[in-house]
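# Per-entry structural report
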There are 2 protein chains.
Amino acid sequence: MNSHLLQNLKSLFNPRTVAVIGASENPDKLGSHVMKSLKLGNFGGTILPINPGSESIMGLKAAPSILDYPSPVELAIIVLPAKFVPGIFEECIKKNVKGIVLITAGFKEIDDPAGAQLQKSLARLANSANIPVIGPNTFGMINLHHHLNASFTPEFSWLQKGGISLISQSGGMSHLVAFMAMRQVAGMSKIIGLGNRLNVDFAEMVAYLMDDPETHVIALYIEGLDDPRRLIEVAGERRGMKPIVAYKTGRAMTGDRASLSHTGSMAGNHDIYKGAMKQAGIAYADSAESLLDLARALAMCPLPGGNRVAILSGQAGPGMSACDVCESEGMKIATFGPTTQGIINDLLPPLALRTNPVDMGPAWYNSSAIAGIVKAVMEDEFVDGILLLMMFASANREAVSGISDFLIQCQQKKPVVACLEAPPGIWDDQVLELEKRGALINVRTPERAARAMAGLWKYKTTIEEV
Amino acid sequence: MNSHLLQNLKSLFNPRTVAVIGASENPDKLGSHVMKSLKLGNFGGTILPINPGSESIMGLKAAPSILDYPSPVELAIIVLPAKFVPGIFEECIKKNVKGIVLITAGFKEIDDPAGAQLQKSLARLANSANIPVIGPNTFGMINLHHHLNASFTPEFSWLQKGGISLISQSGGMSHLVAFMAMRQVAGMSKIIGLGNRLNVDFAEMVAYLMDDPETHVIALYIEGLDDPRRLIEVAGERRGMKPIVAYKTGRAMTGDRASLSHTGSMAGNHDIYKGAMKQAGIAYADSAESLLDLARALAMCPLPGGNRVAILSGQAGPGMSACDVCESEGMKIATFGPTTQGIINDLLPPLALRTNPVDMGPAWYNSSAIAGIVKAVMEDEFVDGILLLMMFASANREAVSGISDFLIQCQQKKPVVACLEAPPGIWDDQVLELEKRGALINVRTPERAARAMAGLWKYKTTIEEV
């Protein structure tokens, strides 16, 4: 791997000055959306529109070429048609640009072999100057910690800043994950659309993000790799340093075809991928929902020491659905130690189910009882992780606030994955506060909570295997 | 099955006057929440609080006993402690009440055999007068079409009116499904918490809802049944009349224990249930999310004639993830007929993936091209159902509105399950309008869309098998 190129990735994600080559005010041009993105993202540095036909664009002074700008430019975002790109690359090299986001399509992915040839010659140019290139054929990327929305989707700027970085082979999937993150207020660090991977592939991005202090978890969306071993090697060498979770599609033959066509590589055999990723210490998700749930859990929860789960539920039904998923995913329903069981027996009436899974329903009016149960279970040496499941009912409105202080104080000695669900607007702020204070992670259903807990444990076993 | 009891269910769900026996203004009492529910639900009939200690409750004239009220009472909601319930039942019989919602707990589910005995004697009383009883140990029920919120959760009244009725063995699961329905604006008809099933079990409710014109789909959440054959018989006799979809938990032994404790019956063997339900023409869901997704699809989409799916995607990635789920769920990725393929080849440039799954990305600016593709596929005899997947990007903001008229006009000659996702607030209203006009159903991820489509097809095969 080219270490100069890796170093330049730092400037690419944290530039002082960003040039938009092909900037426009015409809403039919991607160049206008990119300009809007940088502005909506509140980029703190200089935005430099490049367009030979305009003096200024969206109120910002434009230059006819990047070479006409007197000060340094670290990042160039290119949205011009493919045929202009080689010339622009040469200008970028001359200008000593540190990184390029190449949004333009029409290279390796087109039927015409000229596309692939053009991409090869661009790669040679970029590599000769150690310039990392995100793309071509990408929506771009966003670095929320640097207020840098270098994409054609201004609305990415609505995301909350956080610790999850997504490296994605699909723009559509990046957008989907981002929208889910918005709805669940999950904190993101970077979202990177690899596109056709001129010289920055999963391997380079994983290597870079492993050393990025603003990234706590790396999420991957993979369709197919030209050389899977490079990713496996990079991840394997860094096994356990920082969690990686991957979602891979392209199992179906038809899917292979789709992958071939739009990212320029075969999707490959699913099981081989899965085995190789496990060897490299990469956790595995099997849907977009699971990818985000598990990335959030890995970002916000400690890893469980074993697979023994306590299910503390405000109502029996959600506890049962979580039980089913736990057992099918290889988790064990913990048998509480005698001290814990004694405390629970004291706190709950006999009509409640007091063994694991615990039905805390009868204690709804008594948040100190619930806190007492959670505390006992948190300290029980026979329990490795806690699923906390409570459905709102008018009578238990205060249940979350009643145990918040305690939960925050606990700071997850063990992972706490919760499903605290209520009609929109009732518990959202309280639950968000619990997440922000590191007390738990909340997901939308008990089944997803159980799956995320199992994912934490599987990741743990994956990084421990040699 | 007792036909008088079934007839009385109609009055239970559509009463003129509802008595709340144990009504209260004290927010620590469930009787206050039930009063709030009826008021927040805008019940159009008379609400009669019963409490010997109060002249009026929440501004409504109260009576000391139901027998003191001069006019008829169709529905009695009971929230008094268990020991008072037999006496109240006798009063209800005297008053010629048509139905009872018994929220009170402390019967069959408690350790003390006196609980089960009390429940038996109550059942004898209720059966002698053909009074159907929802409960005991339930949150109650809601009939949105009659503005009747007979539960202890006033916020159920926030639900949208629609065609899905949920019969649930768990209050917690009922609340979870209701909150999901709120977030996705899914229309509900009735939500019924069966509780410990004094004399109204799944079989009675399914029989009743089959003839209920306001119910288009019946969703079941099952943990365990005393006599599974009764449900299977009732459903089997009505196979295909109205879709039924079930989610059953309690696979795990621990889950069995939970089930035993809180609903008074064993959960039973999962595979036997699954087979029996299939025989009876009941569709099967394996999570709370799938239960609601599939119920919505069954309520709003025609059934596919076969398993050949067209995947029309705005970006390749979501199409691939849908492909994977389709193939693992027994669906086929359709091969388009030559006319369809010709039309798509004309409408999309060569750089797009034009065979199924179709990447419509290059047509984002051109909604007539997208409409043309959907139209060709809708008319293609080699296609049985359509997955329409589009992720918002700033540049395709008008994509949904651009094809709305066409989609509404089409009226789903074939099922259209969509995943049209955007940041909150951007496409929500347009997508909701498409759902209301019968053009499609929208779910949150491509994988869930594919699973719902497969569920429609599996249901079709289930009701066709003899």
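Because the structure is predicted, anything quoted here is derived from the model rather than measured. (Residues numbered from 1 in each chain as written. Chains lettered and ligands numbered in written order. Predicted model: local features only at pLDDT ≥ 70, side-chain atom pairs only at ≥ 80, totals over all residues.)

## Let's talk about the overall build of chain A
A count of helical and extended segments in chain A gives 16 helices and 20 strands. Radius of gyration (C-alpha) of chain A: 25 Å, near the 23 Å computed for a compact globule of 466 residues. Counting only C-alpha atoms, chain A reaches 80 × 45 × 35 Å along its principal axes. Expressed as a percentage of its 466 residues, the buried residues of chain A come to 62%. In chain A, of all internal contacts separated by at least 6 residues, the share reaching a separation of at least 24 is 77%. (Helix = DSSP H or I, 4+ residues; strand = E, 2+ residues; numbered from the N terminus. Rg over C-alpha atoms; globule rule 2.2 N^0.38 Å. Buried ≥ 20, exposed ≤ 12 C-beta atoms within 10 Å, placed from the backbone. Contact = placed C-beta atoms within 7 Å.)

## Observations regarding the sheet that holds strand 1 (residues 17–21) of chain B
Residues and elements named next belong to chain B. Strands sit in the order 2-1-5-6-7 across an open sheet of five strands; the sheet is parallel. Each edge of the open sheet is held by one strand with a lone partner, namely strand 2 (46–50) and strand 7 (133–134). Pairing of strand 1 with strand 5 (residues 75–78) involves four bridges; the strand directions are parallel. Its bridge partner lying in strand 5, Ile-21 is registered against Ile-78. Strands in contact with helix 3 (residues 85–94) are strand 1, strand 5 and strand 6 (99–102); relative to strand 5, the strand with the most contacts, it is inclined by about 170°. (Pairing = 2+ DSSP bridges. Axes fitted to C-alpha atoms, helices over the stretch in contact; angles between N-to-C directions.)

## Brief notes about the domain arrangement of chain A
A common measure of how large an interface is: the accessible area buried when the components associate. All names here are of chain A. What the domain assignment reports for chain A is domain 1 (1–138), domain 2 (159–300) and domain 3 (302–464). The straight-line distance from the C-alpha centre of domain 1 to that of domain 2 is 24 Å. Residue contributions to the side of domain 1 that touches domain 2 peak at five residues, all from helix 4 (residues 113–128). For the side of domain 1 that touches domain 2, the per-class residue count stands at 14 nonpolar, five polar and two charged. (Domains from an automatic or database assignment. Nonpolar A, V, L, I, M, F, W, Y, C, P; charged D, E, K, R; others polar.)

## As for the interface of chain B and chain A
The partner chain A presents 67 residues to the 67 residues of chain B that form the contact. When residues of the side of chain B that touches chain A are traced back to their parent elements, those giving at least two are helix 2 (30–40), helix 5 (171–184), helix 8 (253–263), helix 10 (288–300) and helix 11 (316–328) of chain B. Here the side of chain B that touches chain A takes nine residues from helix 11 of chain B, the largest share from any one element. For the side of chain B that touches chain A, a count of residues per class yields 31 nonpolar, 22 polar and 14 charged.

## A word on the sheet that holds strand 12 (residues 217–222) of chain B
Residue and element names in this part refer to chain B. If you trace the seven strands from one edge of the open sheet to the other, you get 9-8-11-10-12-13-14, paired in mixed fashion. Looking along the sheet, the strands with just one partner apiece sit at the ends: strand 9 (148–151) and strand 14 (282–285). The sheet shows a mean angle of 25° between the axes of neighbouring strands, taken without regard to direction. With six bridges joining them, strand 10 (residues 160–168) and strand 11 (residues 187–193) adopt parallel strand pairing. Following the sheet pairing, Gln-160 is matched in strand 11 by Gly-187.

## Here we look at the relation of the copies chain B and chain A
Take chain B, turn it by 180°, move it 0.0 Å along the axis, and it overlays chain A with an RMSD of 0.0 Å. The two molecules are tied by a two-fold rotation axis, judged by turn and shift. Using C-alpha coordinates, one finds that chain B approaches the rotation axis most closely at B:Arg183, a distance of 5.1 Å. Residue by residue, 100% of the interface of chain B is reproduced at the interface of chain A, so both copies engage with the same surface. (Least-squares fit on C-alpha atoms with pLDDT ≥ 70 in both.)

## Considerations on the pairing of strand 11 (residues 187–193) of chain A
Residues in a regular strand point their side chains to alternate faces of the sheet. Taken across its seven residues, strand 11 of chain A has six buried, putting it largely inside the fold. Each parallel crossover has a hand, and for strand 10 (residues 160–168) of chain A linked through helix 5 (residues 171–184) of chain A to strand 11 of chain A it is right-handed. (Right-handed = clockwise from strand over helix to strand, strands pointing away.)

## Regarding the pairing of strand 6 (residues 99–102) of chain A
Residue and element names in this part refer to chain A. Here strand 6 shows no split at all, with Gly-99 and Val-101 on one side and Ile-100 and Leu-102 on the other all buried. One ladder, built from four bridges, connects strand 5 (residues 75–78) with strand 6; its direction is parallel. Within the sheet, the bridge partner assigned to Ala-76 lies in strand 6 and is Ile-100. Once you follow strand 5 into helix 3 (residues 85–94) and on to strand 6, the crossover reads as right-handed. Pairing of strand 6 with strand 7 (residues 133–134), which is carried by two bridges, proceeds in the parallel orientation. Along strand 7, the bridge assignment pairs Val-101 with Ile-134. Taken together, strand 6, helix 4 and strand 7 constitute a β-α-β crossover, and its handedness is right-handed.

## Some details on helix 7 (residues 228–237) of chain B
Residues and elements named next belong to chain B. Listing the buried residues of helix 7 in full gives Pro-228, Leu-231, Ile-232, Val-234 and Ala-235. Projected down its long axis, helix 7 carries its buried residues within an arc of 165°, all on one side. Where helix 7 is buried, its residues meet helix 6 (202–210), strand 13 (244–248), helix 9 (270–279) and strand 14. (Arc of directions from axis to C-beta.)

## Structural notes on the packing of helix 7 (residues 228–237) of chain A against helix 9 (residues 270–279) of chain A
Residues and elements named next belong to chain A. The geometry of helix 7 relative to helix 9 is characterised by a closest axis approach of 9 Å and an angle of 25° between their N-to-C directions. In terms of orientation, helix 7 and helix 9 fall into the roughly parallel class. In contact with Pro-228, Ile-232 and Gly-236 of helix 7, helix 9 contributes Tyr-273, Ala-276 and Gln-279. By residue class, the composition of the contact of helix 7 with helix 9 is four nonpolar, two polar and no charged. (Parallel < 35°, antiparallel > 145°, perpendicular 65-115°, else oblique.)

## Comments concerning unusual backbone geometry
Omega for the peptide link from A:Gly135 to A:Pro136 comes to 5°, which places this bond in the cis form. Within the secondary structure, A:Pro136 is located in the loop between strand 7 and strand 8 (140–143). Positioned with a positive phi, B:Asn42 is a non-glycine residue whose angle comes to about 60°. With respect to the helices and strands, B:Asn42 occurs in the loop between helix 2 and strand 2. Even without glycine at this site, B:Asn137 takes up a positive phi of about 60°. Along the polypeptide, B:Asn137 turns up in the loop between strand 7 and strand 8 (140–143).

## Regarding the environment of A:Asp212
Tracing the sequence through the fold places A:Asp212 in the loop between helix 6 (202–210) and strand 12 (217–222). Through-space distance from the C-alpha of A:Asp212 to that of A:Lys10 is 8.6 Å; in sequence the pair is 202 residues apart.

## Observations concerning the confidence of the model for chain A
All names here are of chain A. Looking at chain A as a whole, the pLDDT averages 93, with 96% of positions reaching at least 70. Scored below 50 in pLDDT, residues 258–267 makes 39 contacts in the model with residues more than four places away or belonging to other chains. Two summary scores accompany this predicted model of the complex, namely pTM at 0.95 and ipTM at 0.95. (pLDDT = per-residue confidence, 0-100.)

## Here we look at the packing of helix 5 of chain A against helix 11 of chain B
Their axes nearest at 5 Å, the elements helix 5 of chain A and helix 11 of chain B cross at an angle of 85°. One element, helix 5 of chain A, and the other, helix 11 of chain B, form an angle in the roughly perpendicular class. For the pair helix 5 of chain A and helix 11 of chain B, the contacting residues are A:Gly172, A:Met173 and A:Leu176 in the first and B:Ala316, B:Gly317 and B:Pro318 in the second. Looking at the contact of helix 5 of chain A with helix 11 of chain B, its residues break down into four nonpolar, two polar and no charged.

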